[in-house]
Amino acid sequence: MEHIYEYAWIIPLIPLPVPFLIGAGILFFPTATKKFRRMWSFSSILCLSIVMLFSIQLSIQQINSSFIYQYVGSWTINNDFSLEFGYFVDSLTSIMSMLITTVAIIVLIYSDSYMAHDEGYLRFFCYMSFFNISMLGLVTSSNLIQIYIFWELVGMCSYLLIGFWFT
């Protein structure tokens, strides 16, 4: 059952297309995208639900085996310097990814009804989805460079969400 650790890299990647598709829809098809706004919220909640189920399975496996898994890939720029990327799975990662996805799903479900008549409905879901992806990337980071990148993305998304109603 340890093969589920090999697929932990999909935790931040499953919901990744949603904010980009919402953003492209707002940019290129603003009237058509607004008609299907519930579809976009449903797709965002569905992607996070899949990640939550995967995180729960990862947590159950982590509780049973307490196995630490780290994957590190190297992207070599020249002979003296290599840039590494990867993901890290331990008990804290599995619990935090489960917590992040559960809270995010609850927030998105509440926001769907709370912001039903708001002009920035799709923009909010785009920001919130990207915030969730950044948080999941932060939790699964395997080195300090990735932690810094995802921490900055979390900060940028927090700024956008805090200043959402700017008028």
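In the block above lies the structure referred to throughout.
Now for a quick tour of the structure. Quick caveat, the model's predicted, so the values are computed rather than measured.

**Observations regarding helix α1 (residues 17-28)**
Item 1. End to end, α1 covers 16 Å across 12 residues, agreeing with the expected 16 Å (1.5 Å per residue, within 8%).
Item 2. Contacts made by the buried residues of α1 are with α2 (30-35), α3 (37-65) and α5 (121-139).

**What about a nonpolar patch on the surface?**
Item 1. Together, Y7, W9 and L13 make up an exposed nonpolar region whose accessible area comes to about 300 Å².
Item 2. You can see W9 is positioned in the segment before α1.
Item 3. With relative accessibility at 41%, the residue W9 sits in the partly exposed group.

**Details of the packing of aromatic side chains**
Item 1. Applying the stated rule across the entire model yields 7 aromatic pairs.
Item 2. Ring geometry for Y110 and Y114: centres 5.6 Å apart, planes at 20 degrees, overall stacked. With a gap of 4 residues between them, Y110 and Y114 both fall in helix α4 (residues 91-114), about one helical turn apart.
Item 3. Y110 sits in the exposed class, given a relative accessible area of 53%.

**Quick word on the nonpolar core**
Item 1. In terms of nonpolar packing, the biggest core is built from 38 residues, with I11, I22, L58, F124 and F131 touching the most fellow members.
Item 2. Listed by contribution, the elements that provide at least two residues to this core are α1, α3, β2 (82-89), α4, α5 and α6 (144-162).
Item 3. Looking at which element gives the most residues to this core, the answer is α5, with 12 residues.
Item 4. In this view, I11 contacts V51, F54, S55, L58, S97 and L136; residues no more than four positions away in its chain are not counted.

Conventions used here
Residues numbered from 1 in each chain as written. Predicted model: local features only at pLDDT ≥ 70, side-chain atom pairs only at ≥ 80, totals over all residues. Heavy atoms only, no water. Helix = DSSP H or I, 4+ residues; strand = E, 2+ residues; numbered from the N terminus. Expected span 1.5 Å × (residues − 1). Contact = heavy atoms within 4.5 Å. Patch = residues over 30% accessible without salt bridge, like charges linked within 9 Å, V, L, I, M, F, W, Y side chains within 5 Å. Areas by Shrake-Rupley, 256 points an atom, 1.4 Å probe, with all protein chains shown as cover. Salt bridge = Lys/Arg side-chain N within 4 Å of Asp/Glu carboxyl O. Buried < 20%, exposed > 50% of the residue type's maximum accessible area, 1.4 Å probe, protein only. Phe/Tyr/Trp six-rings, centres within 6.5 Å; stacked < 30°, edge-to-face > 60°. Core = buried A, V, L, I, M, F, W, Y, C linked by side-chain atoms within 4.5 Å.

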